[in-house]
Amino acid sequence: MTNLLTLHDHNSPIPSIIKELYHSSFPPEERREWGDIESRVADPSSPLRLSLITYEGNVCGFITWWQLKGIIYVEHFAVSPSTRGNGIGAAAITEFVGLMSHPVVLEVELPGANDMADRRIRFYERCGFTAHRSFSYTQPPYGLGLPPVPLMLMTAGTDSGIDTADAASQLHHTVYGVK
């Protein structure tokens, strides 16, 4: 499976399946307002991008990602439940990392947080990501009334010597707006 990804054209509306998948895949404390995503993705000067995952001619998933200084940050990655378990997600994230000219960084729940967190970490490790278990990281709240979330950073790609503290600082400042 290759060529699963296409960069979403900022002039086109986001397919409705993406909004539905976004809301069903991520709890409120791990997602931004949908209108914020739509406006950022529509702005060609925004560092936030949307890549669509397409399989057999149908959009079946997405990756929202940020082009930051020297890193690519995957904010959200999801594949439709109807296509899970057949390698599409692994092929898509592997293809994504291969297309990037900078290290790819993402956040995951801490090991032991729940069964799904451990499965997710193992999935990313099988896809070539390295878990930075000794680096303490907390995702700032996405909005008022939402809690900060203790998470772990994982990296892949050209990540030799990646500075996790710098990556965390960029995420906090650019992605979450923490000064």
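Higher on the page you've got the structure.
All of the points below concern the structure found in this document. Keep in mind it's a predicted model, so treat the numbers as computed, not measured.

1. A look at unusual backbone geometry
Positive phi, close to 50°, is recorded for Glu-56, a residue that is not glycine. Turning to its location among the elements, Glu-56 is positioned in the loop between strand E2 (48-55) and strand E3 (58-67). The exposure class of Glu-56 is exposed, given its relative accessible area of 67%.

2. A few points about the side chain of Ser-51
Position of Ser-51 relative to the elements: it lies in strand E2. With relative accessibility at 5%, the residue Ser-51 sits in the buried group. At 3.0 Å, the side chain of Ser-51 forms a polar contact with the side chain of Trp-65. Apart from the residues lying within four places of it in its own chain, the contact partners of Ser-51 are Leu-5, Thr-6, Leu-7, His-8, Gly-61, Phe-62, Ile-63, Trp-65 and Phe-96.

3. Some thoughts on the environment of Val-149
Tracing the backbone through its elements, the reader meets Val-149 in strand E8 (residues 149-156). Given a relative accessible area of 10%, Val-149 falls into the buried group. Between the C-alpha atom of Val-149 and that of Tyr-137, which follows or precedes it by twelve residues, the distance is 8.8 Å. Excluding its chain neighbours within four sequence positions, the residues that come into contact with Val-149 are Glu-29, Glu-30, Thr-138 and Gln-139.

4. A short note on helix H2 (residues 34-42)
For an α-helix the count is 3.6 residues per turn, leaving residues at separations of three or four pointing the same way. For H2, the set of buried residues is Trp-34, Ile-37 and Val-41. Down the axis of H2, the sector holding all buried residues measures 60°, keeping them to one side.

5. Quick notes on the packing of aromatic side chains
Applying the stated criterion to the full structure yields nine aromatic pairs. Taking 5.4 Å as the distance between ring centres and 50° as the angle between the ring planes, the aromatic pair formed by Tyr-22 and Trp-34 counts as tilted. With Tyr-22 in helix H1 (residues 16-25) and Trp-34 in helix H2, this pair connects stretches of sequence that are twelve residues apart. For the pair shown, Tyr-22 and Trp-34 are each scored as buried. Taking the centre distance of 5.2 Å and the plane angle of 70° together, the rings of Phe-123 and Tyr-124 count as edge-to-face. Its relative accessible area of 7% is what places Tyr-124 among the buried residues. Following the ring pairs from residue to residue traces out a cluster consisting of Tyr-22, Phe-26, Trp-34 and Phe-62.

6. A short note on the pattern of salt bridges
Opposite charge on two side chains allows them to pair when their charged atoms are near. All told, the structure shown has five salt bridges when counted by the stated rule. A salt bridge links Arg-32 to Asp-36, with the nearest nitrogen and oxygen atoms 2.6 Å apart. Under the relative-accessibility criterion, Arg-32 is labelled buried at 7%. Glu-109 serves as the salt-bridge partner of Arg-120, at 3.1 Å between the closest nitrogen and oxygen. Within this pair, whereas Arg-120 is found in helix H4 (residues 115-126), its partner Glu-109 is found in strand E5 (residues 104-109), the two being separated by eleven residues in sequence. Assessed through its relative accessible area of 29%, Arg-120 is described here as partly exposed. Within the structure, one salt-bridge network assembled from shared partners comprises Arg-32, Asp-36, Arg-40 and Glu-75.

So, how was this worked out
Residues numbered from 1 in each chain as written. Predicted model: local features only at pLDDT ≥ 70, side-chain atom pairs only at ≥ 80, totals over all residues. Heavy atoms only, no water. Helix = DSSP H or I, 4+ residues; strand = E, 2+ residues; numbered from the N terminus. Buried < 20%, exposed > 50% of the residue type's maximum accessible area, 1.4 Å probe, protein only. Polar contact = N/O pair within 3.5 Å; in protein donor to acceptor, adjacent residues only side chain to side chain. Contact = heavy atoms within 4.5 Å. Arc of directions from axis to C-beta. Phe/Tyr/Trp six-rings, centres within 6.5 Å; stacked < 30°, edge-to-face > 60°. Salt bridge = Lys/Arg side-chain N within 4 Å of Asp/Glu carboxyl O.

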